[in-house]
Amino acid sequence: MKPYFTLDDLHHWEPLDPPAKLAVFGDPVEHSRSPQLHNPALKACGIDAQYIRLHIRPDELKPGLEKVRDLGFLGVNCTIPHKFAALEAVDVVDDLARRLGAVNTIVFEDGKMLGFNSDGPGFLRALREEFSIDAHDLRILVLGAGGGAGRAVATQCAIEHCERLVLVNRSHEKSLLLAHQLAPYFADDRLAGAVERLQAVPWEEKALAEQLENTDLIINATSLGMKRVDPDLLPSHLLQPHHLVYDMVYSPPKTRLLAEAAANGARTANGLSMLLYQGAISFEHWFNRDAPVEAMRKGLLASL
Ligand code: NAP
């Protein structure tokens, strides 16, 4: 079978066996592991359907969605670069997806397109599995808070009323803007501590050193860490035993950030668990039933 299909293929669609009923839209899309996550799940549940990759360019999003809807698909996932545009392309946006500012899961129901976001809640489930803790209890620092994933995770943590949230981004103005947007979540009557509960700080060693003294969980939501040549995210001496470090990158499984954090005594986890649980939550939206998480985990691990 082809590793991915295009909008043109959809216009001359040859039914597959099992029938294609779900897909990920992306550009590029060939790297997506979503089929390895969802096809074992469909099999485990005895559902006669398969999940495919669709290479859909930015200007093809709306026609692509209409085409798969008309072909009888149940829903789709959206990945880079479609998560923001999908917010506008669907008929109804779920409240959480609107607050997170992105749609990554679409359900076709009675001819309508319903948009959801499973990245934020998927991250919360991952946090529980990896560290047995909830965001509510944590002082959190997000590296890459201006990107799509960083923004979604930071906003989800704000919605959970985390103890503290520090936003860091290469383009500082994006983290300042996000801090401004998230301020209402921190305007409650909790007693102010020695440090501010919500801050955007520049990506500079002195500022980071100060913040990391008052941080429990460090999240890497930048795209750095996948390549050996990528620069260090943080000077390693700033990583301490009291830190939990979650790297949203999962390939390689032990990024330099995670290796250095573990060497300094911190607890670490990579982004595989978030990938797994965002997929599980998408599955729940499509089928209105629990996802077979262990079958999905097995499929994902086999694909690595
Ligand atoms: P994105 O929207 O393109 O954002 C990229 C982020 O990385 C931005 O904050 C960007 O900063 C920052 N960045 C890029 N190059 C940098 C550099 N040289 N130095 C410092 N910062 C740099 O991408 P995304 O969708 O948010 O994805 C970000 C990462 O999360 C990717 O590695 C992706 O694979 C991963 N992810 C994982 C999961 C999962 O389930 N585990 C889910 C979603 C995403 P600027 O704003 O300054 O450009």
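The structure under discussion appears in the preceding block.
Residues numbered from 1 in each chain as written. Predicted model: local features only at pLDDT ≥ 70, side-chain atom pairs only at ≥ 80, totals over all residues. Heavy atoms only, no water.

A.B. asks: Report on the overall build of the protein, specifying residues and quantitative values.
C.D. replies: When helices and strands are counted, the protein shows 12 helices and 13 strands. Rg of the C-alpha trace for the protein: 20 Å, near the compact-globule value of 19 Å for 304 residues, within the 12% margin. Expressed along its principal axes, the backbone C-alpha trace of the protein runs to roughly 60 × 35 × 35 Å. Residues classed as buried in the protein amount to 54% of the 304 residues present. Across the protein, contacts joining residues at least 24 apart in sequence account for 70% of those joining residues at least 6 apart. For the protein, the distance from the average position of its 31 positive side-chain charges to the average position of its 40 negative side-chain charges is 3 Å. (Helix = DSSP H or I, 4+ residues; strand = E, 2+ residues; numbered from the N terminus. Rg over C-alpha atoms; globule rule 2.2 N^0.38 Å. Buried < 20%, exposed > 50% of the residue type's maximum accessible area, 1.4 Å probe, protein only. Contact = heavy atoms within 4.5 Å. Lys, Arg positive; Asp, Glu negative; His and termini not counted. Charge placed at Lys NZ, Arg CZ, Asp CG, Glu CD.)

A.B. asks: Kindly report on the side chain of R53, identifying the contributing residues and their values.
C.D. replies: Of note, R53 is situated in strand 3 (residues 50–55). Here R53 occupies a buried position and makes no salt bridge, while the nearest side chain of opposite charge, E30, is found at 7.4 Å. From its side chain, R53 meets the backbone oxygen of S32 in a polar contact 2.9 Å long. Those residues in contact with R53 that sit more than four places away from it in its chain are P3, Y4, F5, V24, V29, E30, S32, P35 and Q36. (Salt bridge = Lys/Arg side-chain N within 4 Å of Asp/Glu carboxyl O. Polar contact = N/O pair within 3.5 Å; in protein donor to acceptor, adjacent residues only side chain to side chain.)

A.B. asks: I'd love a proper account of the sheet that holds strand 3, names of residues and values included.
C.D. replies: On the basis of which strands lie adjacent, the open sheet formed by seven strands has the order 1-3-2-4-6-7-5 and mixed pairing. The open sheet terminates on both sides in strands that have one partner only, identified here as strand 1 (5–6) and strand 5 (92–93). Pairing of strand 5 with strand 7 (residues 112–116), which is carried by two bridges, proceeds in the parallel orientation. Opposite V92, over in strand 7, you have L114 as the bridge partner. (Pairing = 2+ DSSP bridges.)

A.B. asks: Can you lay out the pattern of salt bridges for me, pointing to particular residues and giving the numbers?
C.D. replies: As enumerated under the stated definition, the model contains 11 salt bridges in all. Salt-bridge contacts for D95 lead to R99; the nearest nitrogen and oxygen are separated by 3.5 Å. A residue pair is termed a helical-turn pair when its members lie 3 or 4 positions apart in one helix, as D95 and R99 do in helix 5 (residues 95–100) at four residues. The salt bridge involving E284 is made with R125; its shortest N-O contact spans 3.0 Å. Taken together, the residues E284 in helix 11 (residues 272–287) and R125 in helix 6 (residues 119–131) connect sequence positions 159 residues apart.

A.B. asks: Please give an account of the site of the ligand that cites residues and values.
C.D. replies: Around the ligand there are 21 residues in total, and A149, N169, R170, S171 and K174 lie nearest to it. Within the side chain of N169, one N or O atom sits 2.7 Å away from an oxygen atom of the ligand. Between L275 and the ligand, the recorded distance is 3.2 Å, taken from a backbone N or O atom to an oxygen atom. Relative to its unbound accessible surface of 930 Å², the ligand loses 77% to contact with the protein. Elements that contribute at least two residues to the shell around the ligand include exactly helix 7 (148–159) and helix 11. By residue class, the composition of the shell around the ligand is 11 nonpolar, eight polar and two charged. (Near = heavy atom within 4 Å. Areas by Shrake-Rupley, 256 points an atom, 1.4 Å probe, with all protein chains shown as cover. Nonpolar A, V, L, I, M, F, W, Y, C, P; charged D, E, K, R; others polar.)

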